[in-house]
Amino acid sequence: METFSLISIISIAVFGSFGHCIGMCGGIVVAYSSSKIKDEYTKLRQIIAHLMYGFGRVTSYSILGAIFGFLGSVIAFTAMTKGILFFITGIILVLIGFSLLGKLKFLTKVEHSFSKSKAYQKIFRQVVSSDSFFSFYFVGILNGFLPCGFVYVFAITAASTANVLEGAFVMFIFGLCTIPALFVLGFFIGVFKQSKLRDVFMKLASILVIIFGLFTMYKGFVFIASQNNMMIEHNHNINNH
């Protein structure tokens, strides 16, 4: 994976976690922190509980990354189609970036529809009400499969790798980078939820998504152009013979 891509993924994930994830997943963190974190829990036990929740999300994201990486490999069966995949991925990332900035509205309904489904709410209530300490991990897994603008960003990026392991790695890195923000929220509920700093992080992450999208479009254009040049050169050589 290119250094620029890796730095972009980490930067978007860190800023996005403080900007978007706290607003999107904050309610879930508040719910399990209020109902499942017992007064008699030691600080160490609380830390482990929050980390189990975080790694539950990382598990879900890694699975999604592997799936999208596989789907990308099916689509990108030639260098030309990989270039087209990069280009389309870049366009979608730019659109998502503008949506996260509030300039477009197509993400809003999709993000909240699944979490409001009766089936999901029923499973979530059962897991949250469980006394099992391991249930923190399952809360994280459920949370990880919720539709989310930034999950879309990294799922699409995972697809553009056209590789199962690289796709899983992209989403794994994303998941790891979101743990600190939600971990802090779990300990200090409400500190960041209404913070102006959160809006700054959100805008920074959205702008980075747009820049990363433009870079991905450029990569796709270079791929397509190089393949076209190779085809022209190949045809020219054939004609000369």
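See the structure shown above.
Residues numbered from 1 in each chain as written. Predicted model: local features only at pLDDT ≥ 70, side-chain atom pairs only at ≥ 80, totals over all residues. Heavy atoms only, no water.

### Describing the overall build of the protein
No. 1: Across its full length, the protein holds 9 helices and 0 strands.
No. 2: Each helix and strand of the protein, placed in order from N terminus to C terminus, yields the pattern α-α-α-α-α-α-α-α-α.
No. 3: In the protein, buried positions account for 46% of the 241 residues.
No. 4: Considering only residue pairs separated by 6 or more positions, the protein has 85% of its internal contacts joining residues 24 or more positions apart.
No. 5: Of the roughly 12300 Å² of accessible surface on the protein, 71% is carried by carbon and sulfur atoms. (Helix = DSSP H or I, 4+ residues; strand = E, 2+ residues; numbered from the N terminus. Buried < 20%, exposed > 50% of the residue type's maximum accessible area, 1.4 Å probe, protein only. Contact = heavy atoms within 4.5 Å. Areas by Shrake-Rupley, 256 points an atom, 1.4 Å probe, with all protein chains shown as cover.)

### Here's the deal with the environment of Val139
No. 1: With respect to the helices, strands and loops of the structure, Val139 is situated in helix α6 (residues 135–144).
No. 2: Distance in space between the C-alpha atoms of Val139 and Val29 is 9.3 Å, their sequence separation being 110 residues.
No. 3: Excluding its chain neighbours within four sequence positions, the residues that come into contact with Val139 are Ile28, Tyr32, Lys36, Tyr53, Phe124, Val127 and Val128.

### Examining helix α7 (residues 149–161)
In an α-helix, one turn spans 3.6 residues, which is why side chains three or four residues apart end up on the same side.
No. 1: Across its 13 residues, α7 extends 19 Å between first and last C-alpha, which sits within 8% of the 18 Å expected from 1.5 Å per residue.
No. 2: Counting buried positions along α7 yields 12 of 13 residues, so the element is predominantly enclosed.
No. 3: The complete set of buried residues in α7 reads Gly149, Phe150, Val151, Val153, Phe154, Ala155, Ile156, Thr157, Ala158, Ala159, Ser160 and Thr161.
No. 4: Just past α7, the residue Ala162 takes up positive phi, approximately 55°. (Expected span 1.5 Å × (residues − 1).)

### Let's talk about the environment of Ile156
No. 1: Tracing the chain through its elements places Ile156 in helix α7.
No. 2: Taking the C-alpha atoms as reference points, Ile156 and Leu85, separated by 71 residues in sequence, lie 9.7 Å from one another.
No. 3: Beyond its immediate chain neighbours, meaning those up to four positions away, Ile156 contacts Thr89, Ile92 and Ile96.

### Comments concerning the packing of helix α3 (residues 79–100) against α7
No. 1: The geometry of α3 relative to α7 is characterised by a closest axis approach of 9 Å and an angle of 170° between their N-to-C directions. Taken together, the axes of α3 and α7 are roughly antiparallel relative to one another. Contact residues: α3 offers Lys82, Leu85, Phe86, Thr89, Ile92, Leu93, Ile96 and Leu100, while α7 offers Gly149, Phe150, Tyr152, Val153, Ile156, Thr157, Ala159, Ser160 and Thr161.
No. 2: Its residues placed into classes, the contact of α3 with α7 shows 11 nonpolar, 5 polar and 1 charged. (Axes fitted to C-alpha atoms, helices over the stretch in contact; angles between N-to-C directions. Parallel < 35°, antiparallel > 145°, perpendicular 65-115°, else oblique. Nonpolar A, V, L, I, M, F, W, Y, C, P; charged D, E, K, R; others polar.)

### Some details on the nonpolar core
No. 1: Phe150, Val151, Phe154, Met171, Phe174 and Val209 are the most contacted members of the largest nonpolar core, which totals 25 residues.
No. 2: At the level of secondary structure, the elements contributing two or more residues to this core comprise α1 (3–36), α2 (43–75), α3, α7, α8 (164–187) and α9 (196–240).
No. 3: In terms of residues, this core owes the most to one element, α7, which gives 7 residues.
No. 4: With residues up to four places along the chain from it excluded, the contact list for Val209 reads Ile12, Leu93, Gly97, Leu100, Phe150 and Val153.
No. 5: Residues Tyr53, Phe133, Val139 and Ile141 belong to the second largest nonpolar core, which totals 19 residues. (Core = buried A, V, L, I, M, F, W, Y, C linked by side-chain atoms within 4.5 Å.)

### Let's talk about the packing of aromatic side chains
No. 1: Evaluation of the coordinates by the stated rule reveals 5 aromatic pairs.
No. 2: Here Tyr61 and Phe174 contribute two aromatic rings whose centre-to-centre distance is 4.9 Å and whose plane-to-plane angle is 45°, an arrangement assigned as tilted. A residue pair is termed long-range when its members are at least 10 positions apart, and Tyr61 in helix α2 and Phe174 in helix α8 qualify at 113 residues. We note that Tyr61, like Phe174, is buried.
No. 3: Ring centres of Phe154 and Phe174 lie 4.3 Å apart, and the angle between their planes is 20°; this geometry places the pair in the stacked category. (Phe/Tyr/Trp six-rings, centres within 6.5 Å; stacked < 30°, edge-to-face > 60°.)

### Some details on a nonpolar patch on the surface
No. 1: Residues Ile63, Ile67, Phe70, Leu71, Val74, Ile75, Phe145 and Val164 make up a contiguous nonpolar surface patch of roughly 690 Å² in combined accessible area.
No. 2: With 6 residues, the top contributor of residues to the nonpolar patch is α2.
No. 3: Within the secondary structure, Phe70 is located in helix α2. (Patch = residues over 30% accessible without salt bridge, like charges linked within 9 Å, V, L, I, M, F, W, Y side chains within 5 Å. Salt bridge = Lys/Arg side-chain N within 4 Å of Asp/Glu carboxyl O.)

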